[in-house]
Structure formats: structure tokens, C-alpha cells
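One letter stands for each residue in the lines below.
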Amino acid sequence: MPDTPFAPVILGNEPGSFPHSVLAERHPAIIGQVRDAFPYGPGQHRALDELLRSCTEGTIEPLPADAPDRDRWHGWGLAGHTGRPWFDAPWLWSESYFYRRLLDAVGWFGPGPWQGVDPFRPFKRAELDAPETDEELAALDGLRDLPEQERAKALLHGSLWGNRADLGFRLSAAGAEAREASPGLVADDSDVLWSLLPPDETGTLVLVADNAGRELVPDLLLIAHLLAGGRTARAVLHVKPYPYYVSDATTADVVDALRRLRTAGGAAAEHARVLWSAMADGRLAVRAHPFSCAPLPYADMPDDLRAEFAAATLTIVKGDLNYRRLVGDRRWPPTTPFRRTTAYFPGPVAALRTLKSDVITGLSAATEAALVAAGEQSWRTSGTHALIQADPSGQVHPE
Ligand SMILES: O=P(O)(O)OC[C@@]1(O)O[C@H](CO)[C@@H](O)[C@@H]1O
């Protein structure tokens, strides 16, 4: 990353730290949940046992010789990490590789009858079918009579706070959903964000999605509103090419969410109609780029993705993991300007994120001091705080 003073990359090897707990506790818990959710055969159970052993007390092992994405993972640094304990690699790298190996263990990549069976689907479906989703969709009817600006703000905040609905997060943060959200945002550049989406019926919005279910639904509602109101002419929704971080959205999850909206009736169904016809005529497209599951920051994105972001009027990046990848998974001093960490990004970019890991940039000194005084360090990881940050320039910023 150009001209940034060095903030150390986050590793998972500090006992007591949040990243360490994810590797040592969350990943084994996820293996247990997936194992319980499916009637897997002996081969899959053996592979899950082996993954559990490897990720807790073993070392990073190579991909099978016939893995379809072996070369890609080599390009992403696999050879350099092979043989090292999972805890000593960059945390982002170890986590991403864990999900890749979990899919191997359950037969996702095939060949065989389990090819393409999403091990997280039951959890994602349960959330989409939950009564809370009905309530959230019914509440949409109440927005109809609001002035456009207020409706837009409500939908933006719906998409933002939808990011609390993260299934991996809930496995290790008991009661996270029930805890009160902080009323204020730790950073709020929403004026800049709206200025990048004028209602002139031009431009392309890219939304880099995070979780399926109760995050993806409000993301889709926001997109529908922006398309219908002419704040963008086109939208591109980036999802994951394979199941990842438990609840991350894939194309199948987009289909489930759209069908859920369509059958909900009321304003939700009206939004579904907008989205459905925008998909049909190409104003809304879904992309599943391989780099969306890469264990690397966006600063290392390939040229085709760079060109896509460069051509967008605005890219909105959702969620905690995407934030880590956007600014770099580093121990930034919290007052490091957001725009300094995104200077490499090829177009205007905004982040909508609830805080669920240690990385943070762009706080004022007063905000940081107040957070530390009020909540020790838990504000960073508890999901009770959120931010809207924007960098409108898409250019390298002079210091
Ligand atoms: O990206 P999301 O869904 O908002 O959050 C992902 C997350 O739950 O997973 C990572 C730890 O495994 C952290 O980045 C964060 O806690």
C-alpha cells in the first residue's frame, strides 16, 4: 500500500486476542455445527476430524493435487504458508483458507453427490425464514409515506445494521444479537455517500455484499430504492463464488432472498418486482469473482476487478471482513485517516460496517477516547457500533 506508515498485519498467534479466539474456538465450533447439520458419510466425518486436528494443533497443508483452484491459491501465497501453524499466518489468510478446506472436507468441489451442497445453507435458510425477517419486511410498508430522503436514510441504515446479522459472529459472541446497538455511529460520512448518488439516472453502483439472509435482504431493498429513484442507472452486486465465513452471500442466497421478498407481499414485493425486472433487463447484475474469497486485501486485487471498480460511480463495501480487506487487516492507529488506507482504490468507495474485529480507521481523537473510556476494547468486536465511511476521490491522496 503506497505511503502508509507501517501498521503491523494482524496474526492469530496472540493468546487472549480476538483473532486467536476465532482460530482456536470459532473454527472448531463451526466444524461441529456443520457436522451436526448434515447426514454426512464416514469420508466426510474423517475429513472434518482431520481439518479439526490440522487447524487447532497442526500446520497449513497444501490443497489436493486435483483441486480446481490450486494455481489460484498458489498465486495467493499458499506455498509460502504451507507447513506453518495456522496461528502464525496472517489472520485473514488463515481464516479464508479454513473455509476453503472446510468445503473440501464436505465434498463441495466434487466430483460426487455432495458437490455444490452448501454446508451453511440450513443456517442461512433458518434466518431468512425467521419471524424477525417477516417483521422487518412488514416494517417496510411504514416507509412508503416518508419523504424520499428519510426513506433513503432508513434503507441505508437498514443495510448498515443488517450487518449485525452474521452467523459466524453469533457462534462465538453469545447474546450479540440481543445487545443494544449503539445509537450513534463512530463515523458518519453519509452526506458524502449521498452526494455520490445524485438522482440523475446515470452511473453504476457496485455493492460488495457480505452476509446472506437478514443482511442481504436490506441490501437488496437499498438497491431497489436507488434504481427506482434514479440514484443509479445500474447496479452490480458482488457475492461470493462459494460458501464462506458461514453466512456470506452466494448467488443461490440472492435467489433465495429475492424469492423471499417476492412472496412477502406489500412494499417488499414491490421492491422485488423492481429487482426482478432489473435483473431481466441487465440493470442489476450479480458477479461472483474468485477474488471475493481471496485471503488478501483489496489492495492486491487483480486488474479485471480493479477495472470494474474504477468504472463504477460508487462502490459500497459491506461488512466487517470486507472492511478488513478494504483498509488492510492491520493494527492501524484508530485515527489513521480512512482515505489514507483506501488511496489505492480505483474509484469512489464507501464502507458500511458494524464493528466485529479489531481493525478501525478514521476515528476522531475525541471519538476514540470516548469509546475507550466507555467500553474498554469491546466496542471494536461486539457488533454494537457501526460506521459509514466514504472516500469520494478514487485517487491517490497527497498527505
Ligand atoms: O464480515 P462480517 O460478516 O461482518 O463479519 C465477519 C466476522 O464475523 O468474521 C471475522 C472473524 O471471523 C470478523 O471479521 C468478523 O467478526
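Model, not experiment: these values are computed from the prediction. Each chain has its residues counted from 1, following the order in which its sequence is written. pLDDT decides what is reported in this predicted model: residues at 70 or higher carry local features, side-chain atom pairs at 80 or more are listed and counted, and totals for whole chains, interfaces and linings draw on all residues regardless. Side-chain calculation: all heavy atoms of the structure are included, whereas hydrogens and water are not.

Novice: Give me the lowdown on the domain arrangement of the chain, citing residues and values where you can.
Specialist: By domain assignment, the chain separates into domain 1 (18–119) and domain 2 (125–391). For the purposes of this description, domain bounds are those given by an automatic or database domain assignment. Its C-alpha centre places domain 1 at a distance of 27 Å from the equivalent point of domain 2. Contacts were defined at the residue level, with two residues in contact if any of their heavy atoms lie within 4.5 Å. Across the contact, 20 residues belong to domain 1 and 25 residues belong to domain 2. Here's the idea: put two parts together, see how much 1.4 Å probe accessible area each one loses, and the total over both is what we call buried area. Between domain 1 and domain 2, roughly 2,000 Å² of surface is buried when both sides are summed, and carbon and sulfur atoms account for 69% of that area.

Novice: Can you tell me about the side chain of His 20, naming the residues and giving the values?
Specialist: Note that His 20 resides in helix α1 (residues 18–37). Sequence-distant contacts of His 20, defined by excluding residues within four places in its chain, comprise Gly 12, Asn 13, Glu 14, Pro 15, Glu 25 and Phe 87. In this text, helices come from DSSP runs of H or I with a minimum length of four residues, and strands from runs of E with a minimum of two, each type numbered from the N-terminal end.

Novice: Break down the nonpolar core for me, citing the residues and quoting the values.
Specialist: Buried Ala, Val, Leu, Ile, Met, Phe, Trp, Tyr and Cys residues form a nonpolar core when they are joined through side-chain atoms within 4.5 Å. Partly exposed describes any residue whose relative accessible area lies between the buried limit of under 20% and the exposed limit of over 50%, with all areas from a 1.4 Å probe on protein chains only and scaled to the type maximum. Phe 98, Leu 102 and Leu 326 are the most contacted members of the largest nonpolar core, which has 71 residues in total. Secondary-structure elements contributing two or more residues to this core are α1, α2 (42–57), α5 (91–106), β2 (204–208), α14 (303–311), α15 (319–327) and β6 (349–354). With ten residues, α5 is the single largest residue contributor to this core. When residues of this core are assigned to domains, at least three fall in each of domain 1 (18–119) and domain 2 (125–391). For Leu 102, the residues in contact, after removing those within four places along its chain, are Ile 30, Ile 31, Val 34, Leu 48, Leu 51 and Phe 120. With 47 residues, the next largest nonpolar core counts Trp 161, Leu 205, Leu 216 and Ala 278 among its residues.

Novice: Give me the lowdown on α1, citing residues and values where you can.
Specialist: Here a helix's expected span is defined as the number of its residues, less one, multiplied by 1.5 Å. Relative to the 28 Å expected for 20 residues at 1.5 Å per residue, α1 spans 26 Å between its end C-alpha atoms, a close match to the ideal helical length. Maximum bend of α1: about 30°, positioned at Arg 26, with proline Pro 28 one to four residues after it. Buried within α1 we find Phe 18, Pro 19, His 20, Val 22, Leu 23, Arg 26, His 27, Pro 28, Ile 30, Ile 31, Val 34 and Arg 35. Of the residues flanking the start of α1, the one acting as N-cap is Ser 17, its side-chain oxygen 3.3 Å from the backbone nitrogen of His 20. In this scheme, the bend at a residue equals the angle between the axes fitted to the seven residues that finish there and the seven that begin there. In protein, a polar contact means a hydrogen-donor-capable atom and an acceptor-capable atom, both N or O and within 3.5 Å, with residues adjacent in sequence counting only if both atoms are side-chain atoms; elsewhere, any N or O pair within 3.5 Å suffices.

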